[in-house]
Amino acid sequence: MDSVNKVAPTVIVIFGATGDLTWRKLIPAIYNLYLDKWIPENFTVIAVGRSNQNDNVFRQHLHEGVDKFSRRGKSKKKDWDAFSQCIVYHKGELADATTYSGLEKKISQLEKKWKTPANRIFYLAVPPVFFEQISTKVGTSGLAQNKKTSRIVIEKPFGHDLESAKSLNRLLHKMFDENQIYRIDHYLGKETVQNIMAFRFANALFEPIWNRNYIDHVQITVSEQLGVENRGNYYETAGALRDMIQNHIMQLLCLIAMEPPVSFNADEVRNRKVDVTNAIRKFKYDDVHKNAVRGQYGEGWVEGKKVKGYRQEPDVNKNSTKETFAAVKFQIDNWRWQGVPFYVRTGKRMNESISVITIQFRPVPHQSFPREATGNWQPNRLVLNIQPAMGIRLRFQAKRPGLEMLLHPVDMLFNYSESYTSGTPEAYETLLLDIMEGDSTLFMRADQVEAAWEVLMPIINSWETNPSVNFPNYAAGMQGPEDAEALIAKDGHNWIVMPPEPE
Ligand code: BG6
């Protein structure tokens, strides 16, 4: 792959380097950037962990992660050996000042060797309880005093509710300027998610009909076959609303609903998204049950295998009332979207793993065809397949070949795998490169995160004060609880599930 290497000499300090995220996502992503020649010649990853490790043993552990999780499969020995020299292990307790003075020493030595100040990226790949401690130490130790070259990266969840998100923002802003803070939402790095903007704003055809006059409603489904696995501790504090809707699904909704940005300047794009988030109607306490549905999986079958219910998963309370499924009907109060419902749903242990956005257009204003012709008639539909299928599908009506006039839905399909032969970068590759280049377009700004929490707080408050009494209410391997069907059926719609390939 030809790439223009624009990245200045860089040191990435990863806190939580012995954790899963580093092993499965970060190092494989950095390694792929290296193979694609995006990594600058002067580059080091300093992996901070508490255990005793020597560089070689630690590199070997990362090597196994790359072989297992890289989109390219097993690495070539020569490439890995060359790349792995960039990784050094730094043992240290997060609370100890010496951990940070040791980092300063290591980074200064590198800068001296490279004869230039390096980009210093501090990546907090740790659980949220450590965000405050690490960011404060990084900020007060002087490690990040050069505001032009130092960046801090915070993984989700960003806050547990509106108040905690505001307080984390306040803390970060004491030490860092907003443009130094990179709040990750990995959905924004997905190729198909980035393509939503290209689709909407690089084509003249769709924008004129992208509004309440032509669009009947929008559906966003992010369903997963996976259960909570070994994340019971975290999930018990989160639930589907916090885990998926506050961030990933809200971002998808913004990309569909935002106004065209004037430019791709990071703040301009994010301003347009904040406008949408602010325009989402906030539910009154009594309206929550009309617009939001929750569910929790019981035992069931997924792909022919019997699986446990949520309450039987490790580290989960046997009487847990945490939701593993959520569906919400949002309304956006602005000129473009007034009266167009946005139905979103997400769940664990569903019947399939699929992320898809469906735009359902209004019916034709007058049906000129005779009744016999329109038995199969359907309104136009645009389907944006985010994953695992990647593509866009436009459904319209055509005349079925034959002597009679019979209408039948057909599809125009854009499929990544057929149109492009080059591999698709993983979300973390895109995001890490953006951080190195100092481009924050695909990262959450403080006001965005807070606006998203504001939308969800009435639902969270209502659900937490009135725990569900009928959990579990869907069997693993199903499409979620029946109430979710009712939520959309009462408006005369149903959840649209179209196979990624035309029937
Ligand atoms: C994470 C959630 O942010 O996204 C997980 O915490 C979820 O619960 C994951 O499984 C889904 O990401 P992806 O990229 O697999 O769709």
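Remember, it's a predicted structure, so these values are computed and weren't measured experimentally.

## Quick notes on the overall build of the protein
The helix and strand inventory of the protein stands at 15 helices and 18 strands. Scaling as 2.2 N^0.38, a compact globule of 503 residues should have a C-alpha radius of gyration of about 23 Å, and the protein matches this with 24 Å. The principal-axis extents of the C-alpha atoms in the protein amount to approximately 80 × 50 × 45 Å. Evaluated residue by residue, the protein yields a buried proportion of 54% over its 503 residues. In the protein, the share of contacts with a sequence separation of at least 24, taken over all contacts with a separation of at least 6, comes to 77%. For the protein, the computed accessible surface area is about 22,900 Å², with 52% contributed by carbon and sulfur atoms. Here the protein contributes 62 positive and 59 negative side-chain charges, whose respective centroids are spaced 2 Å apart.

## Things to note about the domain arrangement of the protein
For the protein, the assigned domains are domain 1 (10–155) and domain 2 (188–489). Centre-to-centre, using C-alpha coordinates, domain 1 lies 33 Å away from domain 2. Every contact between the two is made by 19 residues of domain 1 and, on the other side, 12 residues of domain 2. Taken together, the two surfaces of domain 1 and domain 2 that pack against each other cover about 1,300 Å², and 71% of this comes from carbon and sulfur. Looking at the side of domain 1 facing domain 2, the largest losses of area belong to Leu33, Arg71 and Arg151, adding up to 35% of the total buried there. Where domain 1 packs against domain 2, one counts one salt bridge. Ionic pairing is found between Arg71 and Glu429, a salt bridge with its closest N-O pair at 2.8 Å. Linking domain 1 with domain 2 are six residue pairs in polar contact (both at pLDDT 80 or more), by the criterion used here. Contributions of two or more residues to the side of domain 1 that touches domain 2 are made by β1 (10–15), α1 (20–35), β4 (119–124) and β5 (150–154).

## Points about the packing of α1 against helix α2 (residues 55–69)
Two numbers describe how α1 lies on α2: the axes approach to 9 Å, and their chain directions differ by 85 degrees. One finds that α1 runs roughly perpendicular with respect to α2. Contacts between α1 and α2 pair Trp23, Arg24, Ile27, Pro28 and Tyr31 from the former with His61, Leu62, Glu64, Gly65, Val66, Lys68 and Phe69 from the latter. Residue classes in the contact of α1 with α2 are distributed as seven nonpolar, two polar and three charged.

## Regarding the sheet that holds strand β6 (residues 181–183)
Taken in spatial order, the six strands make up an open sheet running β3-β2-β1-β4-β5-β6, and their pairing is parallel. For this open sheet the edge positions go to β3 (87–91) and β6, each flanked by a neighbour on one side alone. Taken pair by pair, the neighbouring strands of this sheet meet at an average axis angle of 20 degrees, ignoring direction. Summarising the sheet, strand β2 (residues 43–49) and β3 pair through five bridges and their orientation is parallel. Of the residues in β3, the one forming a bridge with Val48 is His90. Of the strands in this sheet, β1, β4 and β5 are in contact with helix α5 (residues 131–140), which crosses β4 at around 165 degrees.

## Here's the deal with α1
An ideal rise of 1.5 Å per residue puts 22 Å on 16 residues; α1 measures up with 22 Å between its terminal C-alpha atoms. Along α1, the largest kink reaches about 35 degrees and is centred on Leu26; proline Pro28 follows within four residues of it. Within α1, the full set of buried residues consists of Thr22, Trp23, Leu26, Ile27, Pro28, Ala29, Ile30, Tyr31, Asn32 and Leu33. Among the residues trailing α1, Lys37 stands out with phi positive, at a value near 65 degrees.

## Some remarks on the site of the ligand
In the vicinity of the ligand, the contacting residues are Lys156, His186, Tyr187, Lys190, Glu224, Arg231, Asp243, Met244, His248, Lys348 and Gln387. For the ligand, an oxygen atom lies 2.8 Å from a polar atom in the side chain of Lys156. Here an oxygen atom of the ligand sits 2.7 Å away from a polar atom, N or O, in the side chain of Gln387. Per-element tally for the shell around the ligand: the top contributor is helix α9 (residues 240–257), with three residues. Considered class by class, the residues forming the shell around the ligand number two nonpolar, three polar and six charged.

## What to know about the packing of α1 against helix α13 (residues 427–437)
Where α1 meets α13, the closest approach of the two axes is 9 Å, and the angle between their N-to-C directions is 70 degrees. One finds that α1 runs roughly perpendicular with respect to α13. In this structure, α1 meets α13 at a crossing whose hand is right-handed. For the pair formed by α1 and α13, the contact residues are Leu21, Lys25, Leu26, Ala29, Ile30, Asn32 and Leu33 on the first element and Tyr428, Glu429, Leu432, Leu433 and Met436 on the second. Of the residues in the contact of α1 with α13, the class split is nine nonpolar, one polar and two charged.

## Quick word on the environment of Leu162
Along the chain, Leu162 turns up in helix α6 (residues 162–175). Remark: the alpha-carbon pair of Leu162 and Val449, spanning 287 residues in sequence, is separated by 8.6 Å. Here Leu162 is in contact with Glu450, Trp453, Glu454 and Met457, once residues within four sequence places are set aside.

## Re α9
The periodicity of an α-helix, 3.6 residues per turn, causes residues three or four places apart in sequence to face the same way. Taking 1.5 Å as the rise per residue, α9 with 18 residues should run 26 Å; its terminal C-alpha atoms sit only 22 Å apart, a clear shortfall. Of all bends in α9, the biggest is about 35 degrees, found at Gln246. Counting buried positions over the 18 residues of α9 gives 18, a clear majority of the element.

## Details of the pattern of salt bridges
Counted under the stated rule, the structure contains 30 salt bridges. Asp216 is the partner of Arg362 in a salt bridge, and the nearest nitrogen-oxygen pair spans 3.9 Å. Remark: Asp216 occurs in strand β7 (residues 215–223) and Arg362 occurs in the loop between β14 (354–361) and β15 (381–387); sequence separation between them is 146 residues. Using a relative accessible area of 18% as the deciding quantity, one classes Asp216 as buried. One salt bridge connects Asp267 with Arg445, and the closest N-O pair in it is separated by 2.7 Å. In this pair, Asp267 sits in helix α10 (residues 266–279) while Arg445 sits in the loop between α13 and α14 (446–465), placing the two residues 178 residues apart along the sequence. Using a relative accessible area of 36% as the deciding quantity, one classes Asp267 as partly exposed. A relative accessible area of 9% means that Arg445 is categorised as buried.

What counts as what
Residues numbered from 1 in each chain as written. Predicted model: local features only at pLDDT ≥ 70, side-chain atom pairs only at ≥ 80, totals over all residues. Heavy atoms only, no water. Helix = DSSP H or I, 4+ residues; strand = E, 2+ residues; numbered from the N terminus. Rg over C-alpha atoms; globule rule 2.2 N^0.38 Å. Buried < 20%, exposed > 50% of the residue type's maximum accessible area, 1.4 Å probe, protein only. Contact = heavy atoms within 4.5 Å. Areas by Shrake-Rupley, 256 points an atom, 1.4 Å probe, with all protein chains shown as cover. Lys, Arg positive; Asp, Glu negative; His and termini not counted. Charge placed at Lys NZ, Arg CZ, Asp CG, Glu CD. Domains from an automatic or database assignment. Buried area = accessible area lost by both parts, 1.4 Å probe. Salt bridge = Lys/Arg side-chain N within 4 Å of Asp/Glu carboxyl O. Polar contact = N/O pair within 3.5 Å; in protein donor to acceptor, adjacent residues only side chain to side chain. Axes fitted to C-alpha atoms, helices over the stretch in contact; angles between N-to-C directions. Parallel < 35°, antiparallel > 145°, perpendicular 65-115°, else oblique. Nonpolar A, V, L, I, M, F, W, Y, C, P; charged D, E, K, R; others polar. Pairing = 2+ DSSP bridges. Expected span 1.5 Å × (residues − 1). Bend = angle between axes of the 7 residues up to and from the residue. Near = heavy atom within 4 Å. Left-handed = near helix turned anticlockwise from the far one by under 90°.

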